[in-house]
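Each chain, written out:
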Amino acid sequence: MTELIFAIVIMLLLVAGMAIGVIIKGKPITGSCGGMSALGMDTACDVCGGDQEICETEQQKKQSASADAADLGYQAK
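Here's a quick rundown of the structure. (Residues numbered from 1 in each chain as written. Predicted model: local features only at pLDDT ≥ 70, side-chain atom pairs only at ≥ 80, totals over all residues. Heavy atoms only, no water.)

**Topic: the overall build of the protein**
A tally of helices and strands in the protein yields two helices and zero strands. Going through the 77 residues of the protein one by one, you find that 1% of them count as buried. Summed over its atoms, the accessible surface of the protein is roughly 7,300 Å², and 64% of this surface lies on carbon and sulfur atoms. (Helix = DSSP H or I, 4+ residues; strand = E, 2+ residues; numbered from the N terminus. Buried < 20%, exposed > 50% of the residue type's maximum accessible area, 1.4 Å probe, protein only. Areas by Shrake-Rupley, 256 points an atom, 1.4 Å probe, with all protein chains shown as cover.)

**Comments concerning helix α1 (residues 2-25)**
With 24 residues, α1 extends 35 Å between its outermost C-alpha atoms, agreeing within 8% with the 34 Å of an ideal straight helix rising 1.5 Å per residue. One or two positions beyond α1, positive phi appears at Gly-26, with a value near 75 degrees. (Expected span 1.5 Å × (residues − 1).)

In structure tokens form, the structure reads like this:
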């Protein structure tokens, strides 16, 4: 039982350390610089299937949905 508690404490310390590092660094978490696109290969995502036009319309839908959600609220005083 002691080993389990010790392992949980160690994992929580590791996660807290990573979170503090992200906060101090002040940059958003990004993907790796590797992958298929780094090799010059085009990859198809699950949403658009490789069609850039569909990807652009999906991005516009996300932006308009977030703008609509912002209009639903008001500043309480």
